[in-house]
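These are the residues of each chain, in order.
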Amino acid sequence: MKKKTQLLLTLLFVLTSITVLTADAQVQKYNLQQLLKDDRIVTVPSHQTKILEDNKKGAITTKGIVWIKGIDFKQGTIDIDLRGKNIFLQSFLGIAFHGTDTTTCDILYFRPFNFKHADTSRHKWSVAYMHIPDNDFSRLRKEHPGVYENKVTPVPEMDDWFHATIAIKGKQLTVYVNHSATPSLTVTMLSDRQDGLFGLYSDGLTNDFANLEIKYTQ
């Protein structure tokens, strides 16, 4: 019985994530649909978290901050596919990390409705960093205009899937969109925490996520 239990646990791990070891890092791929099925995503009914019936393999849709069980993220590179909605002020999505709970964490997120907005002055508010509760977007925009948010390069369609690469090393965070070599945003993070909970961030309407991969570095 003990051997059967160990075998089941091993199979469960293989189904939900794939780990690749390199000389200086650990790369882990997460199947978000399987994580949801296996109750490894912390969610409540108000999050409306469910498997996305879409041609995007492994995709889920959700809202709020949903933590992924078993991830204690310090630093590294996060790759993820995201899809928001072109509905003004109703679609915000990205990642939450270095969290203690849903009220205290760092957040990197996108506002797809600004990507190609007719008011071109809004383009500079397409991707943003904030640290809650002390430094939300309104305070950062007021006290440090143009520092913690920026336009995205290249510019995706507002209703399409796009890819984000988020590199976090020490207190520096750098964001790349659709595999561009040009960063869309580089900031010095404001939190003193260096590790903590990791999850998905979605505000307004539900938004879509797939193909999460984390390269953990020391």
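Residues numbered from 1 in each chain as written. Predicted model: local features only at pLDDT ≥ 70, side-chain atom pairs only at ≥ 80, totals over all residues. Heavy atoms only, no water.

(A) Structural view of the packing of aromatic side chains. Evaluated as defined, the whole model comprises ten aromatic pairs. With centroids separated by 5.7 Å and ring planes inclined at 80°, the aromatic side chains of phenylalanine 88 and phenylalanine 113 adopt a geometry described as edge-to-face. In this pair, phenylalanine 88 sits in the loop between β5 (76-83) and β6 (91-101) while phenylalanine 113 sits in the loop between β7 (104-110) and β8 (127-132), placing the two residues 25 residues apart along the sequence. A residue is classified by how much of its surface remains accessible, and phenylalanine 113, at 1% relative accessible area, is buried. For the ring pair phenylalanine 115 and phenylalanine 162, a centre distance of 5.5 Å and an interplane angle of 80° mean the geometry is edge-to-face. With phenylalanine 115 in the loop between β7 and β8 and phenylalanine 162 in strand β10 (residues 162-169), this pair connects stretches of sequence that are 47 residues apart. For the pair phenylalanine 115 and phenylalanine 162, a shared accessibility class is recorded, and that class is buried. (Phe/Tyr/Trp six-rings, centres within 6.5 Å; stacked < 30°, edge-to-face > 60°. Helix = DSSP H or I, 4+ residues; strand = E, 2+ residues; numbered from the N terminus. Buried < 20%, exposed > 50% of the residue type's maximum accessible area, 1.4 Å probe, protein only.)

(B) Summary view of the pairing of β5. Judged by how many residues are buried, β5 sits mostly within the fold: seven of eight residues are covered. Bridge count for β5 against β10 is seven bridges, and the pairing is antiparallel. What sits directly across from isoleucine 78, in β10, is isoleucine 166. Where β5 meets strand β13 (residues 196-217), seven bridges bridge the pair, whose relative direction is antiparallel. By the bridge assignment, aspartate 79 is partnered in β13 with glutamate 213. (Pairing = 2+ DSSP bridges.)

(C) Representation of the nonpolar core. One finds Leu108, Phe110, Leu173 and Phe198 to be the most contacted residues of the largest nonpolar core, which totals 53 residues. Ignoring any residue separated from it by four or fewer positions in sequence, one finds leucine 173 in contact with Phe97, Leu108, Tyr129, Ile166, Ala167, Ile168, Leu185, Thr186, Val187 and Met189. (Core = buried A, V, L, I, M, F, W, Y, C linked by side-chain atoms within 4.5 Å. Contact = heavy atoms within 4.5 Å.)

(D) Spotlight on the pattern of salt bridges. Under the counting rule described, the total for this entry stands at ten salt bridges. Where glutamate 149 meets arginine 111, a salt bridge forms, and the shortest distance between an N and an O atom there is 2.9 Å. With glutamate 149 in strand β9 (residues 149-150) and arginine 111 in the loop between β7 and β8, the pair connects residues that are 38 residues apart, well separated along the chain. Given the relative accessible area of 7%, glutamate 149 is considered buried. According to the relative accessible area criterion, arginine 111 is buried, its value standing at 4%. Several salt bridges converge on common partners, so that one network encompasses Asp54, Arg83 and Asp208. (Salt bridge = Lys/Arg side-chain N within 4 Å of Asp/Glu carboxyl O.)

Distances and angles like these do not, on their own, reveal function.
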